[in-house]
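Coordinate inspection notes
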Amino acid sequence: MTNAWRALVKWLLVVLLPTILFLLPVPAGVTPQAWRLLTIFVGTILGLMLQPLPLGAMALVGLAAAALTGALPAGQVFAGYADPLVWMVLAAFCISRGMIKTGLGRRVALLFIRALGHTSLGLGYSVVASDAVLGMVIPSNGARAGGIVFPIVKSLAEAYGSRPGPTAARLGAFLMLMVYHCDVIVSAMFFTGNASNPLIASLAQQVTGIEISYNRWALGAIGPALVSMLVVPLFLYRTGPPAVKHTPAAAEFATAELRQLGPMVRAEKVMLGVFAFITLLWMTKGWNNIDYPIAALAGLTILLLGGVLTWDDVLAERNGWDVFVWYGAIYQMARALTEAGVTRVLAQAVGQLISGTIWWAALLVLVFIYVYAHYAFATITAHVSAFYAAFLLVIIAAGAPPYLAVLSMSYVSSLGASLTHYGTTTSPIYYGAGYVTQGAWWRIGLLVATINTLVWLAVGAVWWKLLGWW
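Residues numbered from 1 in each chain as written. Predicted model: local features only at pLDDT ≥ 70, side-chain atom pairs only at ≥ 80, totals over all residues. Heavy atoms only, no water.

**Description of the overall build of the protein**
In plain terms, the rule: Note on conventions: DSSP H or I runs of at least 4 residues are helices, E runs of at least 2 residues are strands, and numbering of each starts at the N terminus. We take the radius of gyration over the C-alpha atoms and set the globule estimate at 2.2 Å times the residue count to the 0.38 power. A simple rule labels every residue: compare its accessible area, found with a 1.4 Å probe on the protein chains alone, to the largest value its type can have, and call it buried under 20%, exposed over 50%, or partly exposed in between. Contacts between residues were defined by any pair of non-hydrogen atoms, one from each residue, lying within 4.5 Å.
Scanning the protein from terminus to terminus reveals 22 helices and 0 strands. Since a compact globule built from 470 residues should have a radius of gyration of about 23 Å, the 22 Å found for the protein is in line with a globular shape. For the protein, the C-alpha atoms occupy an extent of roughly 65 × 55 × 50 Å along the three principal directions. Taken over 470 residues, the protein has a buried fraction of 55%. For the protein, restricting intrachain contacts to residue pairs at least 6 apart in sequence, the fraction spanning at least 24 positions comes to 78%.

Here it is in C-alpha cells:
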C-alpha cells in the first residue's frame, strides 16, 4: 500500500467513526451541542492515534471543526491556550532545552555512571538515576531519555562491542530495555514526569475535587516506584541477562568524558541554579503560594536574562510548541465535555455493566482494561484524554474510595507506554536503535506493564493507606 493510500485509509477512519456516532440518537442527559463536541473529540483522538497529520495539525483540525459546527462557543475555542498548565508545559520544555544546550544533563548522567556503572545492572541504574533526577523538572521524556540519555546508552553499548544484530545481547539489548521501561516508571513518579501528568491532575480535580500537588504526587509515588525500580530491572536481568556482566570501562568512559567536559562553566552553573530554584518553588508551593506555571516561567526568564537561552532557542523548541498546540486543544475539548456532563453520562452507562461488583474487583478490572487500552494509543496524553475521566468516574461509582481511585488511575496512566514500540515519545527511539526485535519488545512490554501495574496497585494501596490518604 502506497503512502497516499495509507493516508486515505487513516482519514476515512478518522471521519467514519465520528460520523456514525453523530448519527446515533443523542443519549438522555446530553445536549445536542455536547454530543457534536463528543463526536469531534473522538475524531480528534483517532487522528492523534493514526496521525494522518502531525499531532499539532490534527488538534487544530479538531478545534476548527468544533468551532465551525458550534460545538464549542466562540469564547471557548481558544480557552485551553489560556490555561496556566499549558504554559507550564511549554516553559518546562524550553528549560529542558537549556539542560541539553549547556551539557548539564549529560554531566549529571556521566557523574552517575562514574559512581555506579561498574556492572551492567549498576550501569543501567546509573542512567536511570540521572533520568529520575531530570524528571523532577523536565516534563518531556523525549528530551530526558531521548535527547540526553539515549546517546550515552548507545555509546556505552558500542564501547563493549554490542551493536544491533548478533552482538545485541552482549549489553545493548539489556540497556535499551532497562532504561526505556524505567523511564516509563519515572514518567509516573513526578508531576513533571511527562507532559500528560498536569492534565491528569486537572481532570482529577474537575471530576472529584481532589487536588494532587507536586509534593503529594511525588510522595504518593515514592513507595511503589522504588519497588518497581527494583523489580523491573531484576526481571529484565533474569529473563534476558547481558553477556557482559562487569563494565569497568563504563566508569572509565564517564571519567574521560567528564575530563573532556572540564569544570562547570557559567551557563551550566546558571542552569543548575535554575533547576534547583524551580524545584524548590514547586516543593514549597504550600506556603509560597507561587503557582507551578509561574515558577516555570520565572525559571525560563532567568535563563533568557542570563544568556543561557536565546529567544531563537525558545522559538526553535519545536517539540515544546507542538505539544503546546495539541495540548491546549485537547485540554479544552476534554474540559468542555466534562463541564457539559458527557463524561459522567458515559461513565454511568459503563457503570451499569459492572453494577453489583465489589469495588476492589471493579477497580482492578477497570484499571487493567485502562492500561491495556494503551495498545491503541501512540501518546499518553491521547490515552488520558480519551479514557481517564470516564474510567475514574466508573470506579468511584462502584464504591471505591475516591482518593484511592484517583491515585491508582493517575499513576498507571504512564505504565501502558511499556506495551508497544510506539507507546510514547521515547518508544521509537529505543526500539529504533535495533537491539530488540518487535516481537520481543511487545512480549517483554506486556509482562513489564502487567508487573508494574500490579506493583503500583498493591504497594501503592498499602503505601497510601499508611499515609492516611484513604
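From this point, things continue past the structure.
**Here we look at the pattern of salt bridges**
Here the idea is simple: oppositely charged side chains can pair when their charged atoms come close. For the record, the criterion: Whenever Lys or Arg places a side-chain nitrogen within 4 Å of a carboxyl oxygen from Asp or Glu, that contact is recorded as a salt bridge.
Taken as a whole and judged by the stated rule, the model has 8 salt bridges. Here Arg97 makes a salt bridge to Glu317, at a shortest N to O gap of 3.2 Å. Separated by 220 residues along the polypeptide, Arg97 in helix 4 (residues 84–102) and Glu317 in the loop between helix 15 (311–315) and helix 16 (318–339) bring together distant segments of the chain. For Arg97, a relative accessible area of 27% gives the class partly exposed. Given a relative accessible area of 8%, Glu317 falls into the buried group. Between Glu158 and Lys154 there is a salt bridge, with its nearest N and O atoms 2.6 Å apart. Taken together, the residues Glu158 and Lys154, both in helix 7 (residues 141–159) and 4 residues apart, mark about one turn of the helix. For Glu158, a relative accessible area of 27% puts it in the partly exposed group. The class for Lys154 is partly exposed, based on a relative accessible area of 29%. One connected set of salt bridges, linked through shared partners, spans Asp131, Arg144 and Asp183.

**Description of the nonpolar core**
A general feature of soluble globular proteins is that nonpolar side chains tend to end up buried together. Put simply, the rule is: Joining through side-chain atoms within 4.5 Å is the link that ties buried Ala, Val, Leu, Ile, Met, Phe, Trp, Tyr and Cys residues into a set, and such a set is a nonpolar core.
The biggest cluster of nonpolar side chains holds 164 residues, and the ones touching the most others in it are Trp282, Tyr388, Tyr430 and Trp456. Per-element accounting of this core gives the leading share, 14 residues, to helix 8 (residues 172–189). Contact partners of Tyr388, with chain neighbours within four places excluded, come to Ile200, Leu203, Ala204, Tyr370, His383, Val406, Met409, Ser410 and Ser413.

**Comments concerning unusual backbone geometry**
Backbone geometry at Gln51 places phi at a positive 55°, although glycine is not the residue there. Secondary-structure assignment places Gln51 in the loop between helix 2 (32–50) and helix 3 (55–68). Its relative accessible area of 34% is what places Gln51 among the partly exposed residues. Positive phi, close to 60°, is recorded for Asn289, a residue that is not glycine. Counting through the fold element by element, Asn289 comes out in the loop between helix 13 (285–288) and helix 14 (292–305). You can call Asn289 exposed: its relative accessible area is 63%.

**Description of the layout of surface pockets**
Stated precisely, the cut-off is as follows: Buriedness for pockets is judged along seven lines, at least five of which must meet protein on both sides within 12 Å for an open set on the 1 Å grid over protein atoms alone, while cavities are sets there where a 1.4 Å probe fits but cannot get out, and lining residues have an atom within 4 Å of a point. Grid points are joined across faces, edges and corners, and a volume is the space filled by probe spheres set on the points. Under the convention adopted here, Pro, Cys and the residues Ala, Val, Leu, Ile, Met, Phe, Trp and Tyr are nonpolar, Asp, Glu, Lys and Arg are charged, and Gly plus all remaining residues are polar.
What the largest pocket holds in volume is close to 740 Å³. When residues of the lining of the largest pocket are traced back to their parent elements, those giving at least two are helix 4, helix 7, helix 16, helix 19 (380–397) and helix 21 (427–432). Broken down by element, the residue count for the lining of the largest pocket peaks at 5 residues, all from helix 16. Of the residues that constitute the lining of the largest pocket, the class distribution is 15 nonpolar, 12 polar and 4 charged. If you go around the second largest pocket, you meet 27 residues; those closest to its centre are Leu38, Val42, Leu346, Ala386 and Phe387. Looking at the lining of the second largest pocket, the elements that each hand over two or more residues are helix 1 (3–23), helix 2, helix 16, helix 17 (342–351) and helix 19. Among the residues forming the lining of the second largest pocket, the class breakdown is 24 nonpolar, 3 polar and no charged.

**As for a nonpolar patch on the surface**
Basically, it comes down to this: Here, patches come from residues exposed beyond 30% relative accessible area and free of salt bridges, joined within 9 Å for like charges and within 5 Å for nonpolar side chains (Val, Leu, Ile, Met, Phe, Trp, Tyr). Accessible surface is estimated by sampling points in the Shrake-Rupley manner with a 1.4 Å probe; for residues, cover comes only from the protein chains shown.
A grouping of Trp5, Leu8 and Leu12 is seen on the molecular surface, where their side chains present a nonpolar patch of about 340 Å² in accessible area. When you line up the elements, Leu12 lands in helix 1.

**A look at the packing of helix 20 (residues 402–412) against helix 22 (residues 438–466)**
Put simply, the rule reads: Angles shown run from 0 to 180 degrees and are taken between the N-to-C directions of axes, each axis being a line fitted to C-alpha atoms and, for helices, limited to the stretch in contact. Handedness of a crossing follows from how the near helix is turned relative to the far one, being left-handed for an anticlockwise turn of less than a right angle and right-handed for a clockwise one.
Look at helix 20 against helix 22: their axes get within 10 Å of each other, and the N-to-C directions meet at 145°. Helix-helix and strand crossings are classified by hand; for helix 20 and helix 22 the assignment is right-handed. Listed contacts from helix 22 to Leu404, Leu407, Ser408, Tyr411 and Val412 of helix 20 are Thr453, Trp456, Leu457, Ala461 and Trp464. Across the contact of helix 20 with helix 22, the residue classes tally to 8 nonpolar, 2 polar and no charged.

**A few points about helix 16**
Heads up, the condition is: Each helix should span, by expectation, one fewer than its residue count multiplied by 1.5 Å.
Compared with an ideal rise of 1.5 Å per residue, which puts 22 residues at 32 Å, helix 16 spans 32 Å between its outermost C-alpha atoms and is within 8% of the ideal. Most of helix 16 sits out of view: 16 of its 22 residues are buried. Just beyond helix 16, the residue with positive phi is Gly341, at close to 85°.

**A look at the confidence of the model for the protein**
Put simply, the test is: Predictor confidence is given residue by residue as pLDDT, running from a minimum of 0 to a maximum of 100.
Chain-level pLDDT for the protein is 88 on average; 99% of the residues reach the 70-or-more range. The least confident element of the protein is helix 17, whose mean pLDDT is 71; the most confident is helix 20, at 96.

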